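# What the coordinates show
Listed below, chain by chain, are the residues.
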Amino acid sequence: WSRWIRAVCESLKHMNGDEVACTMVALARIVIPPSARSKVLALQVESRGSQVRDEARNLQLHGDGSASHMTERSQGASSLSLALAFDDEGWFASDDGNYEIVRELELALERLSAQGELRTQALSNVLWAIARLELIVPSTVLVHLLSSAELNANKFSSHAASLSLWALAKLVDTHNAAARLASVEGYNNGSRPRAKFEAIVHSLGLLMTRNFETVAEEANFQDVANSLWGVAKLKLNVRTEFLRSWIRAFQRELPNAPTQSEHLLMVKWAMESLGASLFSDEHTLGVVVQNRTGRRH
């Protein structure tokens, strides 16, 4: 796993924007993020423990009588499962591996930003991968992404803009959790680093809402849900134009949303979080959301 990570990091030095994005997305799809590790480990230990129990039954049936042997195997099941998860299968990236990836990604984005070679979909994919991997990134990573986003203003698709808003909100959640645990060097040493990080996130988020305004007519319901959820989580002070374009997209795509779907519940939460007054001119929105989620709005 470590050798593979080093190879990935070395390759990032020479990749173009699309290749960097594809590599990060691939990592995000095969590496289990920290928030899901305990659940996955529990499932692995349970699975390995089941195999040990079956073997124990066989030993009893065949009169082996090796009770101490069974105990050792049972005690070793958890350790074996952990070893498989961390080493052989490479599902979990180590902290050192994450540091290397973040460092090389920062350098790659600096190079691509300076050359103007990071396209809009690649940019949103990189943001999604960072959020999905729950990486702690320095503000300079977002500076490079913001620079590329400004260079390509009004070129984002509805999917790229809404995905970026979702990813930014998840990224902030990850950094806030890390700050609470005081696990990020320098992050809790004062207000400056955090204020700078949040300011860049805010600027990037507002840029994405302006992009969404211009392409809302092409948005599907997932885009609609991700965009408003991101706005609510980030507490962005959006323009009236964004709300109007979002409402039109919501009304158009609502018939395509399954009842009780995750995205419909995201919309319900976002509307409640932002405040019903923002949607008062469209009273039917709250009623429809309430009916389709089966919950009071």
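Residues numbered from 1 in each chain as written. Predicted model: local features only at pLDDT ≥ 70, side-chain atom pairs only at ≥ 80, totals over all residues. Heavy atoms only, no water.

## Brief notes about the overall build of the protein
Using the following cut-off: Only DSSP runs of H or I covering at least 4 residues are called helices, and only runs of E covering at least 2 are called strands; the numbering of each starts at the N terminus. Note on classification: 1.4 Å probe, protein chains only; a residue is buried when its accessible area is under 20% of the maximum for its type, exposed when over 50%, partly exposed between these limits. Residue contacts follow a heavy-atom distance rule, with two residues in contact if any of their heavy atoms lie within 4.5 Å.
For the protein, the count of helices and strands is 13 helices and zero strands. In sequence order, the protein lays out its α and β elements as α-α-α-α-α-α-α-α-α-α-α-α-α. Within the protein, the proportion of its 297 residues that are buried is 46%. The contacts of the protein with a sequence gap of at least 6 include a subset with a gap of at least 24, amounting to 81%.

## Points about the packing of helix 10 (residues 221–234) against helix 11 (residues 240–253)
This is how the line gets drawn: Axis lines are fitted to C-alpha atoms, over the contacting stretch for helices. Their N-to-C directions set the angle, which ranges from 0 to 180 degrees. Each crossing gets its handedness from the near helix: less than a right angle anticlockwise from the far helix is left-handed, clockwise is right-handed. Under this grouping Gly is polar, as are all residues other than the nonpolar Ala, Val, Leu, Ile, Met, Phe, Trp, Tyr, Cys and Pro and the charged Asp, Glu, Lys and Arg.
One can describe the packing of helix 10 onto helix 11 by two numbers: an axis separation of 9 Å at closest approach and a directional angle of 145°. Between helix 10 and helix 11 lies a crossing of left-handed hand. Residue-level inspection shows Phe221, Val224, Ser227, Leu228 and Val231 of helix 10 in contact with helix 11, the latter providing Phe242, Trp246, Ala249, Phe250 and Glu253. When grouped by side-chain class, the residues that make up the contact of helix 10 with helix 11 number eight nonpolar, one polar and one charged.

## Topic: the nonpolar core
For clarity, the threshold we go by: Nine residue types can take part in a nonpolar core, namely buried Ala, Val, Leu, Ile, Met, Phe, Trp, Tyr and Cys, and a core is a set of them joined through side-chain atoms within 4.5 Å.
Core analysis: the largest hydrophobic core is formed by 79 residues, its most contacted members being Val20, Met24, Leu145 and Trp246. Looking at this core element by element, the count peaks at 10 residues for helix 8 (residues 158–180). Once residues lying within four places of it in the same chain are set aside, the contact partners of Val20 are Leu12, Met15, Leu105, Ala108, Leu112 and Val126.

## Here's the deal with the side chain of Glu253
As for its position among the elements, Glu253 is in helix 11. Those residues in contact with Glu253 that sit more than four places away from it in its chain are Ala219, Asn220 and Phe221.

## Observations concerning the packing of aromatic side chains
The relative placement of two aromatic rings is captured by the distance of their centres and the angle of their planes. We apply this condition: The pairing test for Phe, Tyr and Trp rings, Trp by its six-membered ring, is centres within 6.5 Å, and the orientation test on the planes gives stacked under 30 degrees, edge-to-face over 60, and tilted for anything in between.
For the structure shown, the criterion picks out three aromatic pairs. Here Phe212 and Phe242 contribute two aromatic rings whose centre-to-centre distance is 5.8 Å and whose plane-to-plane angle is 50°, an arrangement assigned as tilted. With a gap of 30 residues between them, Phe212 in helix 9 (residues 191–215) and Phe242 in helix 11 connect regions that are remote in the sequence. Relative accessible area serves as the criterion here: at 0%, Phe212 is assigned to the buried category. Considering the side-chain rings of Phe221 and Phe250, the 6.1 Å spacing of their centres and the 40° angle between planes classify their relative orientation as tilted. Placement of Phe221 in helix 10 and of Phe250 in helix 11 is noted, with a sequence separation of 29 residues between them. For Phe250, a relative accessible area of 0% translates into the label buried. An aromatic cluster is defined as three or more aromatic residues linked by ring pairs; in this entry it consists of Phe221, Trp246 and Phe250.

## Points about helix 11
Note the cut-off: What a helix should span is 1.5 Å times the count of its residues minus one.
Between its first and last C-alpha atoms helix 11 spans 20 Å; for 14 residues at 1.5 Å apiece the expected length is 20 Å, and the two agree. What helix 11 keeps buried is the set Phe242, Leu243, Ser245, Trp246, Ile247, Ala249, Phe250 and Glu253.

## Let's talk about the side chain of Asn176
As a reminder, the rule being used: Definition of a polar contact: a pair of N or O atoms within 3.5 Å, with one able to donate and the other able to accept a hydrogen when the atoms are protein atoms, and with sequence-neighbouring residues admitted only if both atoms are side-chain atoms.
Secondary-structure assignment places Asn176 in helix 8. Of note is the side chain of Asn176, whose polar atom sits 2.8 Å from the side chain of Arg194.

## Digging into the layout of surface pockets
To find the voids left in a structure, one rolls a probe of water-molecule size over its atoms. Basically, it comes down to this: Only protein atoms enter the 1 Å grid used here. Points where a 1.4 Å probe fits but cannot escape make up a cavity, open sets with protein on both sides within 12 Å along at least five of seven lines make up a pocket, and a residue lines them when an atom lies within 4 Å of a point. Grid points are joined across faces, edges and corners, and a volume is the space filled by probe spheres set on the points.
Considered as a void within the structure, the second largest pocket measures approximately 190 Å³ in volume. Forming the boundary of the second largest pocket are Trp128, Leu163, Trp166, Lys170, Gln222, Asn226, Trp229, Glu262, His263 and Met266. Elements represented by at least two residues in the lining of the second largest pocket include exactly helix 8, helix 10 and helix 12 (262–274). Counted by class, the lining of the second largest pocket contains five nonpolar, three polar and two charged residues.

## Description of helix 8
Helix length check: helix 8 (23 residues) gives 33 Å between terminal C-alpha atoms against 33 Å at 1.5 Å per residue, within 8%. Across the 23 residues of helix 8, 18 count as buried, placing the element largely inside the fold.

## Brief notes about the pattern of salt bridges
As a reminder of what qualifies: When a carboxyl oxygen of Asp or Glu lies within 4 Å of a side-chain nitrogen of Lys or Arg, that pair is called a salt bridge.
Evaluated as defined, the whole model comprises eight salt bridges. In this structure, Glu198 and Arg194 form a salt bridge, with 3.1 Å as the shortest nitrogen-oxygen distance. With Glu198 and Arg194 both in helix 9 and four residues apart, this pair spans about one turn of that helix. The exposure class of Glu198 is partly exposed, given its relative accessible area of 37%. Between Glu272 and Lys268 there is a salt bridge, with its nearest N and O atoms 2.8 Å apart. Taken together, the positions of Glu272 and Lys268, both in helix 12 and four residues apart, correspond to about one turn of that helix.

## Focus on the environment of Trp229
Its place among the elements puts Trp229 in helix 10. A sequence separation of 37 residues divides Trp229 from Met266, and the C-alpha atoms of the two residues are 6.1 Å apart. Each residue touching Trp229, except ones within four places of it in the same chain, is listed here: Trp166, Ala169, Lys170, Met266, Trp269 and Ala270.

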